[in-house]
Every structure is written in C-alpha cells, then in structure tokens.
Amino acid sequence: MDPLVVEVIGLTKRYPPDTTAVDGVSFSIRRGKVFSLLGPNGAGKTTTVEVIEGLRTPSSGSVSVLGVDIQRGFDSIRRRIGVLPQNFEPFDLLTPLEAVSYWADLLEVRAGRKDAERLLERVGLESRKKAMSKTLSGGEKRKLGIALSMVNDPELLFLDEPTTGLDPRARRDLWGLI
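Residues numbered from 1 in each chain as written. Predicted model: local features only at pLDDT ≥ 70, side-chain atom pairs only at ≥ 80, totals over all residues. Heavy atoms only, no water.

**Quick notes on the packing of aromatic side chains**
- Under the definition given, this model contains three aromatic pairs.
- Residues F91 and W103 carry aromatic rings whose centres are separated by 6.0 Å and whose planes lie at 45° to one another, so their mutual orientation is tilted. With F91 in the loop between β5 (81-84) and α3 (96-106) and W103 in helix α3, this residue pair connects regions lying 12 residues apart in the sequence.
- Joined through ring pairs, the aromatic side chains of F91, Y102 and W103 make up one cluster. (Phe/Tyr/Trp six-rings, centres within 6.5 Å; stacked < 30°, edge-to-face > 60°. Helix = DSSP H or I, 4+ residues; strand = E, 2+ residues; numbered from the N terminus.)

Here it is as structure tokens:
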C-alpha cells in the first residue's frame, strides 16, 4: 500500500472572537492519488488547505505532510511541495518565462531556459512565454500559476480551485496534466 502523503486528524481552525472555519476535519491521502476537497463556499476548504500547506496554524488537531508534522518541521518539506493558491496573481512585470526562471531560483531549483520553456509548454503557455504577465488573460494567468507550482517537480501538489478562469478545453488539458 502506498504511504500517506497527507494525514489530517481532528483539524480545527478558529478565528477570534467566535468564528470556527474548520471543525474537527480528518482525512488522509496516499501517494499517487488525486484528492479533491469539495463543499459549498465558506465551508473551510481553503482554510484547511492553507493549514496543510503551512500557511496557517491550526487551533487544534494535527497535520502531517510527507511524514512531517507541519507545526514542527515545515521548513524541511517546503521545497518538496508545490502550491497554487486560490487567489494567485502573477508577477505583472515579468514574462512567464522570466517568472518561471525567477521562481526556480527562489526554490533553489536548477532550471535552465529549456526547462522553463518545457514547463510552459506543458501548461499551454508556449505562445505567450515572452508576453508581459500583466497582459495575460485570466485563464493564462492561472496556467502560469500552475507552471510555478510545478517548477520544483514537487512530490505533492496543492491546487486550490485550479480551473478557475480556464476555458473548457484548458480545463480538460489541466485534468489530463493532473
């Protein structure tokens, strides 16, 4: 049986004074699986994902990612995961090619121009690789975010509403990529 890559036990996240965004959520995800967290707006999905990604501190419960407790060892896993936040905004004054190269540098990933071009091709942005990011459509910006989340060839990828703004064909292409 494949090992667990995410284990969430009794996760609760409260915001003062009296808002409970996540209340006792538990689930686990095994390596090689695609997992979707579904629910209505305001159900706590993004908050749950942000806790798992190490961006928020849980009020109670435990979260383990790639075998590491995120409250104690997040630094040891942050380069092993990829993240596309729900409200991603690209680097407006960079081209997608520059943004991918810059992100690779931030993550200390050795990626040359050809690697960046291949990644942009995988997400369907090869024809826009030299355009200023501020001129990209909403769907193209989302594709750039997906490329950035994959720049370090992560063991685990978090995509929060990855198809937002994508046309039907781009949605199908993304599901194929996933």
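**Some thoughts on helix α1 (residues 45-52)**
- Extensive coverage of α1 is indicated by the burial of eight of its eight residues.
- Of all the positions in α1, only K45, T46, T47, T48, V49, E50, V51 and I52 are classed as buried.
- Buried residues in α1 make contact with β1 (4-15), β2 (19-30), β3 (60-65), α2 (70-77) and β6 (156-159).
- Positive phi shows up at G54, right after α1, with a value of about 85°. (Buried < 20%, exposed > 50% of the residue type's maximum accessible area, 1.4 Å probe, protein only. Contact = heavy atoms within 4.5 Å.)

**What to know about helix α4 (residues 113-122)**
- Every buried residue belonging to α4 is among A116, E117, L119 and L120, and all of these are buried. Projected onto a plane normal to the axis of α4, the buried residues spread over an arc of 160° and lie on a single side. Set apart from the buried face of α4 by more than 90 degrees, the exposed residues are K114, E121 and R122.
- Looking at the buried positions of α4, the neighbouring elements they touch are α3 and α5 (138-149). (Arc of directions from axis to C-beta.)

**As for the packing of α3 against α4**
- It is at 9 Å that the axes of α3 and α4 come closest, and there the two elements cross at 115°. Handedness of the α3/α4 crossing: right-handed. Mapping the contact onto sequence places P96, L97, V100 and S101 in α3 and R113, A116, E117, L119 and L120 in α4.
- Taken together, the residues of the contact of α3 with α4 sort by class into six nonpolar, one polar and two charged. (Axes fitted to C-alpha atoms, helices over the stretch in contact; angles between N-to-C directions. Left-handed = near helix turned anticlockwise from the far one by under 90°. Nonpolar A, V, L, I, M, F, W, Y, C, P; charged D, E, K, R; others polar.)

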